[in-house]
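What follows is the residue order along each chain.
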Amino acid sequence: MGRGTRAESATANASPAGPSSPPPAPPVIAIDGPSASGKGTVASRVAAALGFHYLESGALYRLVALASLREHVRPEEEERLAGLAAGLRAEFSGDRVLLDGEDVSDALRSEHCGNLASAIARLAAVRAALLGRQRAFRRPPGLVADGRDMGTVVFPDACLKVFLTASVPVRAERRYKQLKDKGIRASLAALSRDLEERDARDTARSAAPLRPAPDAILLDSSDLTIEEVVQRVLGLYRQRVAEGTGGAV
Ligand code: DC
């Protein structure tokens, strides 16, 4: 969360439907991958470079997790959690996220909130409740969306799908550095264990599991800098545009 251009109250694909051919939907670049693969940073930079909107879908799951803590709803209470997801009063303002008008950006980034979000994200009713909200971010001139199921479920017609991975040690090291830079103490061993557990849970669930779409391009960022990954994604998108498969801009 917290980077790039975002819009919260958009209306999905709003267009004056003409009698014959409605204008094509704005292009979407979907970037999926496991925790700490760098997808958030990459997605927001790609969005900024193209002047596109940016959706960090994980922030929505984290918001539901935070709301559940505040409302004392347990992770197994699927219907109540779906109700919270449907009624989230969230606002994205620059790099800050507000819940019920309160800035919760820092609370959202905690490992506890991420782990709880992963547990809640298993629930089909919660995922269904967040679907329309995610699709509403698709507005001209285009959208870069990151998460776990952007290319498989939320935007299956994305013009470019990237599945970004990196080895567990590399991801744990990145997360460790991120937390350290924010002055948060962490243990590398505990972070590795958490990442593996979270990957296993996100991959094994039956509702929209973490997996590459059949037409996704796999990109292993273990030996690449963030900037190199950004340039590769931009290169792939420009190639699509040149081939006429980059969607309408
Ligand atoms: O991307 P993140 O680490 O902030 O996401 C937190 C959790 O939310 C993640 O472990 C799984 C869930 N999630 C999901 O199931 N689908 C998404 N599109 C995004 C996140």
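Coordinates for the structure precede this section.
Residues numbered from 1 in each chain as written. Predicted model: local features only at pLDDT ≥ 70, side-chain atom pairs only at ≥ 80, totals over all residues. Heavy atoms only, no water.

### Thoughts on the site of the ligand
Then step 1. By nearness alone, 16 residues border the ligand, and Arg62, Arg127, Arg148, Asp149 and Arg205 come closest of all.
Then step 2. Here an oxygen atom of the ligand sits 2.8 Å away from a polar atom, N or O, in the side chain of Arg127.
Then step 3. Arg205 is positioned with one of its side-chain polar atoms (N or O) 2.9 Å from an oxygen atom of the ligand.
Then step 4. In the complex, 97% of the free accessible area of the ligand, which totals 440 Å², lies under the protein chains.
Then step 5. Of all elements in the fold, only helix H2 (57–71), helix H5 (111–120) and helix H9 (188–204) reach the threshold of two or more residues within the shell around the ligand.
Then step 6. At four residues, the largest contribution of residues to the shell around the ligand is made by H2. (Near = heavy atom within 4 Å. Polar contact = N/O pair within 3.5 Å; in protein donor to acceptor, adjacent residues only side chain to side chain. Areas by Shrake-Rupley, 256 points an atom, 1.4 Å probe, with all protein chains shown as cover. Helix = DSSP H or I, 4+ residues; strand = E, 2+ residues; numbered from the N terminus.)

### Side note on the sheet that holds strand S8 (residues 217–220)
Then step 1. In space, the five strands of this open sheet follow the order S2-S6-S1-S7-S8, with parallel pairing throughout. Two strands close off the open sheet at either side, each with one partner strand: strand S2 (53–56) and S8. Strand-to-strand twist of the sheet, defined as the mean angle between neighbouring strand axes without regard to direction, takes the value 20 degrees. (Pairing = 2+ DSSP bridges. Axes fitted to C-alpha atoms, helices over the stretch in contact; angles between N-to-C directions.)

### Digging into the packing of helix H1 (residues 39–50) against helix H10 (residues 226–243)
Then step 1. Two elements in contact, H1 and H10, have axes whose closest approach is 9 Å; the angle formed by their N-to-C orientations is 50 degrees. When the interaxial angle is binned, H1 and H10 end up oblique. Along this stretch, H1 crosses H10, giving a crossing that reads as right-handed. On H10, the residues that touch Thr41, Val42, Arg45, Val46, Ala49 and Leu50 of H1 are Ile226, Glu227, Val229, Val230, Val233, Leu234 and Tyr237.
Then step 2. Among the residues making up the contact of H1 with H10, the classes are represented as ten nonpolar, one polar and two charged. (Parallel < 35°, antiparallel > 145°, perpendicular 65-115°, else oblique. Left-handed = near helix turned anticlockwise from the far one by under 90°. Contact = heavy atoms within 4.5 Å. Nonpolar A, V, L, I, M, F, W, Y, C, P; charged D, E, K, R; others polar.)

### Topic: helix H3 (residues 78–87)
Then step 1. Inspection of H3 places Leu81, Ala82, Leu84 and Ala85 among the buried residues, and these make up the whole buried set. On an axial view of H3, the arc spanned by its buried residues comes to 155 degrees, and they lie on one face. What points out from H3, more than 90 degrees from its buried face, is the exposed set Glu79 and Ala86.
Then step 2. Where H3 is buried, its residues touch H2, H5 and helix H6 (124–135). (Buried < 20%, exposed > 50% of the residue type's maximum accessible area, 1.4 Å probe, protein only. Arc of directions from axis to C-beta.)

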